[in-house]
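Spelled out, the chains give:
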Amino acid sequence: MNTEEAKQSSVEEIFGKLSSSKTGLSSQEAQKRLEENGPNEISEKKISPLLKFLGYFWGPIPWMIETAAVLSAVIRHWEDFGVIFAMLLINSMVGFWQEYKADNAIELLKKRLALKARVMRDGKWAEALARTLVPGDLIRIRLGDIIPADIKLVEGDYLLVDQSALTGESLPVEKHASDIGYSASIVKQGEMDALVVGTGVNTYFGKTARLVSEAKTQSHFQKAVIKIGDYLIVIAVALVAVIFMAALFRHERFFEILQFALILVVASIPVAMPAVLTVTMAVGAAMLARKEAIVSKLVAIEEMAGVDILCSDKTGTITKNELSVKELKPLGGFSDTEMLLWGRLASRAEDKDPVDDTIIARAQSVKGVTQNFGDYKVISFKPFDPVAKRTEVSVEDRGGKKFKITKGAPQIILSLVSNKDLISSEIDAAINDFAAKGYRALGVARTDGAGAWQYAGLFAIYDPPREDSLETIKTAKSMGLDVKMVTGDHVAVAREIAREVGLGENILPSSSFLDKPDMEAQKIIEGADGFAQVFPEHKYKIVEELQEKNHIVGMTGDGVNDAPALKKADAGIAVAGATDAAKSAAAIVLTRPGLSVIIDAVKESRKIFQRMNSYAIYRIAETIRVLLFMTLAILAFNFYPVTAIMIVILAMLNDIPIMMIAYDKTKIDPRPVSWDMRSVLTLSTVLGIAGVFASFGMFWIGKEVLHLDLQMIQTLIFLKLSIAGHLTIYLARTGKEPFWHKPYPAPVLLWTCESTKVIATLFAVYGIFMKPIGWGLAIFVWCYAFIFFFASDFIKIRVYEIMDHFGIRFSRGIKAV
């Protein structure tokens, strides 16, 4: 027996034991089975907190710290040993705590993205979390759903299911009553009721709980910063090797040299970088979630920050998605009441379809429809198919007479009737009349006694623009975002809505670019204000051509057929009410309708990007400042400007405030941002070299002016490096503006930076692990550091001006990495 047959046999055995009652399970029975079977999810294997903590204690970088601690014990520098061990413990605790917070944030996002299912409980259809499904539940599966459990199909015409990710089949598989549907398959067409036969670990292909498994995807920005880390490690190892060789040449003690070299490498390596990246991204994702934009892939944060063209759906994003029937246009001798009755019979309330709900609401307000509705029985119902663009039902009246009703796109309905040539001009005129008012047309038809289709009439459906759309689009344009409307509606409808919200009236049909050469198509797409009569597959073409022109493209979508375009886009956005398939393909899922949510997400993403940029500048500048100064001082003056224990303390004090950069206030860039590696490296290198001159200035003052002994000079330089290092954060965070420009640092960043400077001052004043210098010299160092801080800020602004003048930047900085 093969695997498929074995699974079928297993399901048949389970199916025989379960109730297939049309009223479903009771709430009490469902709860009982949930307790027996466990939740419908496959839990990821989790590492215990203790093992995670030990991972921070024994990793590649901690290994070097531990070696330095052992060497300190060997040469009997017990103070060094104690401080190094404390550094190791603190770094482990901070890293563990930050990852714990980041994991919690991502876990909350996963819960917000959890699948839901339509389930029959206590005789009523309701929406429930997929994880609460149990064997025996009766559920409804429809177009765009991700099947939430292993199921046995029991009622309905058919499903077309994409299970390629599970079985490798390249084409969707058609399934009928009594067939098996597997968890995590995607429904491409159809609608059926099904009985749940397997949940959680008992499913054949249970992957539902992993829909957001890519939430920790490494972005281009993270890769870039990690490359910065690698670059700094190479510099650190090279310069330390020079120091090590020089010390050996001078016949200094081998173990002391080795201990110092290891500690210097550790201090130079951006140990806090993984934690800073993880926390900044996770904190940013949590902030986006509060603005009703849930990140399913962290890479989307960077991509959203760089988006310069946003292709937005009309319905529910630019418009309210609050549909209403404005006019009725009966045809073929049918009355308004008859037309509404046929439309009502072709709609189903439990599907919560916006168009169906609109027709039902209008029908319920007409007495003739409500009185006659009970005279008809719906035998079969084929839900709306985005390919066929219509719904079809089979109906039987009280006399046993059967006929069919269909509603959908007017031209599709027109193609069904036999007298289309006679009425096509009337249909076109009505559609254009509706479109000029911003109304969308919906056709309805029924079969006669001979089975021939008759056009019953047209509904004029209006979806008004959202009150905030006009202002939001103005804001988007001021941020450098080009918003293009993408809709399946008639060109005239789209043009009228675009005019009302200030998008422009250059709305083109999809046919305007489909058969054109790439260069011509790109020019047409780039210049258009929007596109109408668009099918889902056209969205992919739009994204592809815009990307060929080096645009960073955001694309919205909600249907199962939008998934390829959402994946192709740099930032795929599933709008509120999107299908499960669209959500799983998108990088960002909106839980509130409207364009303003997307603009909020762009703003927040640019803030997050700025925080990461600030961190990169600070980290490179500090490494160059400390390491280059140390190397030159040792080579030129045979003088160790700080001791090993001072380096350890500096590293600890620097890592603590930089963790808080994830919570900093930042200015929103008025243009789309991109990773500009050359500017970052240029600026941070200049700031680092300026810091080296400042450190040598302090060394000269201490030796030649104040005539201090070497140990006091070491304390002076330790305090100067600590204060100046934290001040560099303030320089990096304001970009091209002076450090005093708004927004001011977040209180948590400000007070953490200042408190660590105070701690360093107390160490220097009272001689903790170093020779004391007293309050007078400490105040002098503070004044000296602030003078060079103002000078460095002046240098920073001049460097930006020079880079702007000479155009030192890449249009897409990732390519520079």
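The structure presented is a predicted model; accordingly, all values stated were derived computationally and were not measured.

Reading the values: rules and limits
Residues numbered from 1 in each chain as written. Predicted model: local features only at pLDDT ≥ 70, side-chain atom pairs only at ≥ 80, totals over all residues. Heavy atoms only, no water. Helix = DSSP H or I, 4+ residues; strand = E, 2+ residues; numbered from the N terminus. Buried < 20%, exposed > 50% of the residue type's maximum accessible area, 1.4 Å probe, protein only. Contact = heavy atoms within 4.5 Å. Phe/Tyr/Trp six-rings, centres within 6.5 Å; stacked < 30°, edge-to-face > 60°. Lys NZ or Arg CZ within 6 Å of the ring centre and 35° of its normal. Polar contact = N/O pair within 3.5 Å; in protein donor to acceptor, adjacent residues only side chain to side chain. Core = buried A, V, L, I, M, F, W, Y, C linked by side-chain atoms within 4.5 Å. pLDDT = per-residue confidence, 0-100. Pairing = 2+ DSSP bridges. Axes fitted to C-alpha atoms, helices over the stretch in contact; angles between N-to-C directions. Parallel < 35°, antiparallel > 145°, perpendicular 65-115°, else oblique. Nonpolar A, V, L, I, M, F, W, Y, C, P; charged D, E, K, R; others polar. Salt bridge = Lys/Arg side-chain N within 4 Å of Asp/Glu carboxyl O. Patch = residues over 30% accessible without salt bridge, like charges linked within 9 Å, V, L, I, M, F, W, Y side chains within 5 Å. Areas by Shrake-Rupley, 256 points an atom, 1.4 Å probe, with all protein chains shown as cover. Left-handed = near helix turned anticlockwise from the far one by under 90°.

1. Considerations on the overall build of the protein
Thinking step 1. Across its full length, the protein carries 29 helices and 21 strands.
Thinking step 2. The buried share of the protein, taken over its 817 residues, is 54%.
Thinking step 3. For the protein, restricting intrachain contacts to residue pairs at least 6 apart in sequence, the fraction spanning at least 24 positions comes to 73%.

2. Digging into the packing of aromatic side chains
Thinking step 1. Per the stated rule, a full pass over the model turns up 19 aromatic pairs.
Thinking step 2. With centroids separated by 4.9 Å and ring planes inclined at 80 degrees, the aromatic side chains of F629 and F696 adopt a geometry described as edge-to-face. With a gap of 67 residues between them, F629 in helix α24 (residues 595-637) and F696 in helix α26 (residues 677-705) connect regions that are remote in the sequence.
Thinking step 3. Clustering of aromatic rings is evident, with ring pairs tying together F739, W740, W782, F786, F789 and F790.
Thinking step 4. Positioned above the aromatic ring of W125 is the side chain of R140, whose terminal nitrogen or guanidinium carbon lies 4.5 Å from the ring centre.
Thinking step 5. Directly above the aromatic system of W342 lies the positively charged group of R446, at a separation of 4.9 Å from the ring centroid.

3. Observations concerning unusual backbone geometry
Thinking step 1. In the segment running from K742 into P743, the intervening peptide bond is cis, with an omega of 0 degrees.
Thinking step 2. With respect to the helices and strands, the residue P743 is situated in the loop between α27 (710-733) and α28 (747-766).
Thinking step 3. One non-glycine residue, N550, lies in positive phi territory at about 65 degrees.
Thinking step 4. Within the fold, N550 resides in the loop between α21 (536-548) and β19 (553-557).
Thinking step 5. We note that H707 has phi near 55 degrees; this positive angle belongs to a residue other than glycine.
Thinking step 6. Looking at the element boundaries, H707 is found in the loop between α26 and α27.

4. Comments concerning helix α18 (residues 491-501)
Thinking step 1. For α18, the set of buried residues is V491, V493, A494, E496, I497, A498 and V501.
Thinking step 2. Two residues or fewer after α18 comes G502, characterised by a positive phi angle close to 80 degrees.

5. Structural notes on helix α12 (residues 336-345)
Thinking step 1. Burial runs high along α12: seven of the 10 residues are buried.
Thinking step 2. Buried within α12 are the following residues: M339, L340, L341, W342, G343, R344 and L345.

6. Notes on the side chain of D137
Thinking step 1. Along the chain, D137 falls in the loop between β2 (124-129) and β3 (138-142).
Thinking step 2. Among the polar contacts listed, one links the side chain of D137 to the backbone nitrogen of V134, at a separation of 3.0 Å.
Thinking step 3. Discounting chain neighbours no more than four positions away, the residues touching D137 are L25, V119, M120, R121, T132, A194, L195 and V196.

7. A word on the nonpolar core
Thinking step 1. Among the nonpolar cores identified, the biggest contains 70 residues, and V642, I717, F718, L719 and I773 are the most heavily contacted of them.
Thinking step 2. Counting only elements with at least two residues in this core, the list comes to α7 (220-249), α24, α25 (644-658), α26, α27, α28 and α29 (774-806).
Thinking step 3. A per-element tally of this core places α27 first, with 13 residues.
Thinking step 4. Apart from residues no more than four positions distant in its own chain, I717 is found in contact with F629, F639, P641, V642, M698 and F699.
Thinking step 5. If you look at the next biggest cluster of nonpolar residues, it comprises 38 residues, including A293, A476, L481 and A571.

8. With respect to the confidence of the model for the protein
Thinking step 1. On average, residues of the protein carry a pLDDT of 79, and 78% of them reach 70 or more.
Thinking step 2. Across the protein, the element-wise mean pLDDT spans from 47 in helix α3 (residues 49-57) up to 94 in strand β13 (residues 402-408).
Thinking step 3. Every residue in residues 13-20 scores below 50 in pLDDT, and together they form 14 contacts with partners more than four places removed in sequence or on other chains.
Thinking step 4. Low pLDDT, under 50, characterises residues 206-218; the stretch is placed with 35 contacts to residues that sit more than four places away or in other chains.

9. A closer look at the sheet that holds strand β16 (residues 482-486)
Thinking step 1. Ordered in space as β8-β21-β20-β19-β9-β16-β18-β17, the eight strands form an open sheet in which the pairing is mixed. For this open sheet the edge positions go to β8 (293-295) and β17 (507-509), each flanked by a neighbour on one side alone. Adjacent strand axes in the sheet meet at a mean angle of 20 degrees when their direction is disregarded.
Thinking step 2. The pairing of strand β9 (residues 309-313) with β19 spans three bridges and is classified as parallel. Among the inter-strand pairings, L310 is bridged to a residue of β19, identified as G554.

10. With respect to the packing of helix α20 (residues 518-527) against α21
Thinking step 1. α21 packs onto α20 with a crossing angle of 100 degrees between their chain directions and a minimal axis gap of 9 Å. Here α20 is positioned roughly perpendicular relative to α21, judged by the angle of their axes. Contacts between α20 and α21 pair D518, Q522, I525 and E526 from the former with K541, I542, E545, L546 and E548 from the latter.
Thinking step 2. A per-class count over the contact of α20 with α21 returns three nonpolar, one polar and five charged.

11. A few points about the pairing of strand β1 (residues 116-121)
Thinking step 1. Relative to β2, β1 runs antiparallel, the two being bridged by six bridges. Note on β2: the bridge partner recorded for R118 is E127.
Thinking step 2. Between β1 and β2, which pair antiparallel one after the other, the connecting turn spans two residues, and D122 there sits at a positive phi close to 55 degrees.
Thinking step 3. In this sheet, β3 lies alongside β1 in antiparallel orientation, the contact comprising three bridges. When the bridges of β3 are listed, M120 appears paired with L138.

12. Side note on the pattern of salt bridges
Thinking step 1. Summed over the entire model, instances satisfying the criterion amount to 30 salt bridges.
Thinking step 2. K320 is paired through a salt bridge with E467; the nearest N and O atoms lie 2.7 Å apart. Of the two residues, K320 is situated in the loop between α11 (314-318) and β10 (324-330) and E467 in the loop between β15 (453-462) and α17 (469-478); the sequence distance between them amounts to 147 residues.
Thinking step 3. The class of E467 is exposed, set by a relative accessible area of 65%.
Thinking step 4. For E801, the salt bridge identified is with R798, shortest N-O distance 2.7 Å. With a gap of three residues between them, E801 and R798 both fall in helix α29, about one helical turn apart.
Thinking step 5. The exposure class assigned to R798 is partly exposed, which follows from its relative accessible area of 30%.
Thinking step 6. Put simply, R140, R142, E191, D193 and R348 are held in one network by salt bridges that share partners.

13. Brief notes about a nonpolar patch on the surface
Thinking step 1. On the surface, a nonpolar cluster with roughly 650 Å² of combined accessible area is contributed by V758, L762, Y766, I768, F769, W775 and I779.
Thinking step 2. Every element with two or more residues in the nonpolar patch is listed here: α28 and α29.
Thinking step 3. Ranked by residue count, the leading element in the nonpolar patch is α28, at three residues.
Thinking step 4. Structurally, L762 can be placed in helix α28.

14. Quick look at the packing of α24 against α27
Thinking step 1. Remark: α24 packs on α27, axes separated minimally by 8 Å, with the N-to-C direction vectors making an angle of 155 degrees. Accordingly, the angle class assigned to the pair α24 and α27 is roughly antiparallel. Considering only the axes of α24 and α27, their crossing is right-handed. Across the interface between the two elements, Q610, S614, I617, Y618, A621, E622, R625, V626 and F629 from α24 touch I717, K720, L721, A724, G725, T728, I729, A732 and R733 from α27.
Thinking step 2. Of the residues in the contact of α24 with α27, the class split is 10 nonpolar, four polar and four charged.

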